[in-house]
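Chain and residue survey
Chain residues, written in single-letter form:
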Amino acid sequence: MGSRASLLVFLALLSLTGYALWIPNCPCDKWVSPDESIQDAINAAPPGSVLCLDAGTWWENLVIDKSITLKGQGPERTYIRPKRPTTFLFPILPVISIRGGGTGFPISVMIEGITVIGSLEDYLPSSAGVQAIGMSQVIMRDCHVSEVLTGVELLDNAQAMLIRVTISGGERNLGGTGIDLLARSQAIVVDSKITWFGDGIAARMWAQIMVLHSTIKHARFGIHITEDAQAIMRDVLISNTDDGIIITERAQARIANCTLVDNGIGVGIFHYGSVTLLENVIARNRYYGVLVSLHNPRVWFRGFVMGANNAIPGPDEPNGNGYGAVFPEALGFLTTQIGGVFHKGT
């Protein structure tokens, strides 16, 4: 996936070996109680400090511009919510905003054992649960994020690893994005769950994302990769979406050992999009299991599809896809052991 992926691949290898799931517990430098300000504690703490949050709820919009750890007592006990608005003109801000790059060096932020809840008011939702921008490296572990337009937003060169994170927009929300990556941001998502968004995961421009052992449900698009973004997905369940995985523009994806069921389209590849599909189960989708272009692929499709050993049943088979296993039929090699390649002119 190119030289830009060096950190992404390194973190992925750590994840697959289980090493990255073990992060040492550091002693607390300061305890913060619910009657104290987390922001004041952040401002006063030297870089590298560990701030331990007691059980309770804080009503604050936090800005973090230094390397620091926020450690709660578990997502069922420690909550951070945005400030209550006093006027309709109150700015729509992230609950936690991480701003890196001011010193020319990346900052490292860890958030553990915390629930981030956006605004309950329909007229003033929080823009994001956690937003990271610039040269920042963020680890979220054992956290919940809910009732926000965007669960986790990564901009510019921000990098993140999400481990056992649950992100939900709420059943009334089918807009917004669970995890949104822009520009050259990178993310690893492990053992996590995303529900009730317009896009479960969206990666645009030159963003890169790897999703492992995770679940995405109740979204317009489960995973939406566009422009020059790149994605790797392994052991991911996507269900109850309008379309499971959509790859457009010049985006590239590798999808292996995933399950895509009860969606509209299982996997859709358009424009110059490219995908490799290996050993996936793509079944019970309303339309096609795998689709390239809505019209004549010889005219409208300029990318390529390759793969093998996928289970993609047709309408007459058990758990079949409603309109057909694949479109066009030349993609039938995806279910064979030897596999093949489809591209313009096939």
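Residues numbered from 1 in each chain as written. Predicted model: local features only at pLDDT ≥ 70, side-chain atom pairs only at ≥ 80, totals over all residues. Heavy atoms only, no water.

Take the overall build of the protein chain next. Looking only at helices and strands, one finds three helices and 29 strands in the protein chain. Counting the 346 residues in the protein chain, one finds 55% classified as buried. When the accessible surface of the protein chain is split by element, carbon and sulfur atoms take 55% of a total near 14,800 Å². (Helix = DSSP H or I, 4+ residues; strand = E, 2+ residues; numbered from the N terminus. Buried < 20%, exposed > 50% of the residue type's maximum accessible area, 1.4 Å probe, protein only. Areas by Shrake-Rupley, 256 points an atom, 1.4 Å probe, with all protein chains shown as cover.)

Bringing the packing of aromatic side chains into the picture now. Overall, the coordinates contain four aromatic pairs when judged by the stated rule. Aromatic pair Y288 and F327: ring centres 5.6 Å apart, planes at 45 degrees, arrangement tilted. Of this pair, Y288 sits in strand β26 (residues 288-292) while F327 sits in strand β28 (residues 324-327); the two residues are 39 residues apart in sequence, bridging distant segments of the chain. Its guanidinium or amino end placed over the ring of W206, R184 lies 4.8 Å from that ring's centre, counting from NZ or CZ. In this structure, R220 packs its charged tip against the face of F221, placed 4.5 Å from the ring centre. (Phe/Tyr/Trp six-rings, centres within 6.5 Å; stacked < 30°, edge-to-face > 60°. Lys NZ or Arg CZ within 6 Å of the ring centre and 35° of its normal.)

A separate point is the side chain of T248. Looking at the element boundaries, T248 is found in the loop between β20 (237-247) and β21 (252-256). The class for T248 is buried, based on a relative accessible area of 9%. Here T226 takes part through its side chain, which lies 2.7 Å from a polar atom of the side chain of T248. Those residues in contact with T248, other than ones at most four positions away along the chain, are H224, I225, T226, E227, F270 and H271. (Polar contact = N/O pair within 3.5 Å; in protein donor to acceptor, adjacent residues only side chain to side chain. Contact = heavy atoms within 4.5 Å.)

Turning to the pattern of salt bridges, a few remarks are in order. Going through the model one piece at a time under the given rule, you end up with eight salt bridges. Its salt-bridge partner being K30, residue E36 comes within 4.0 Å of it at the nearest N-O pair. The class of K30 is partly exposed, set by a relative accessible area of 36%. Across the pair R164 and D142 runs a salt bridge whose closest N-O atoms are separated by 2.7 Å. You can see R164 sitting in strand β13 (residues 159-168) and its partner D142 sitting in strand β11 (residues 136-146), a full 22 residues away along the chain. (Salt bridge = Lys/Arg side-chain N within 4 Å of Asp/Glu carboxyl O.)

In this fold, T336 is placed in the loop between β28 and β29 (340-343). Classification of T336 by relative accessible area gives partly exposed; the value is 30%. Separated by 28 residues in the primary sequence, T336 and A308 have C-alpha atoms spaced 5.6 Å apart. In this structure, T336 is in contact with A308 and N309, ignoring residues within four places of it in sequence. Reaching out from T336, the side chain makes a polar contact with the backbone nitrogen of G339 at a distance of 3.0 Å.

Moving on, we get to the side chain of T69. By secondary structure assignment, the location of T69 is in strand β5 (residues 68-71). Judged by its relative accessible area of 16%, T69 falls in the buried class. Apart from the residues within four sequence positions on either side, T69 is in contact with S49, V50, L51 and M110.

Moving on to the environment of T195. Tracing the chain through its elements places T195 in strand β16 (residues 193-203). In sequence terms T195 and N240 are 45 residues apart; their C-alpha atoms lie 9.7 Å from each other. T195 has contacts with I167, S168, G169, K217 and H218, leaving out every residue within four places of it along the chain.

All right, on to the pairing of β5 then. A two-sided burial pattern is seen for β5, the buried positions comprising I68 and L70 on one face and T69 and K71 on the other. Note that strand β2 (residues 49-53) and β5 share four bridges and pair parallel. Considered in β5, the bridge of V50 is made with T69. When β5 meets strand β8 (residues 107-112), the two strands line up parallel, connected through four bridges. When the bridges of β8 are listed, K71 appears paired with E112. (Pairing = 2+ DSSP bridges.)

Here we take up the confidence of the model for the protein chain. Overall, the prediction assigns the protein chain a mean pLDDT of 86, with 84% of residues at 70 or greater. In this model residues 13-22 is a low-confidence stretch, pLDDT under 50, and it forms 15 contacts with partners more than four residues away in sequence or in other chains. (pLDDT = per-residue confidence, 0-100.)

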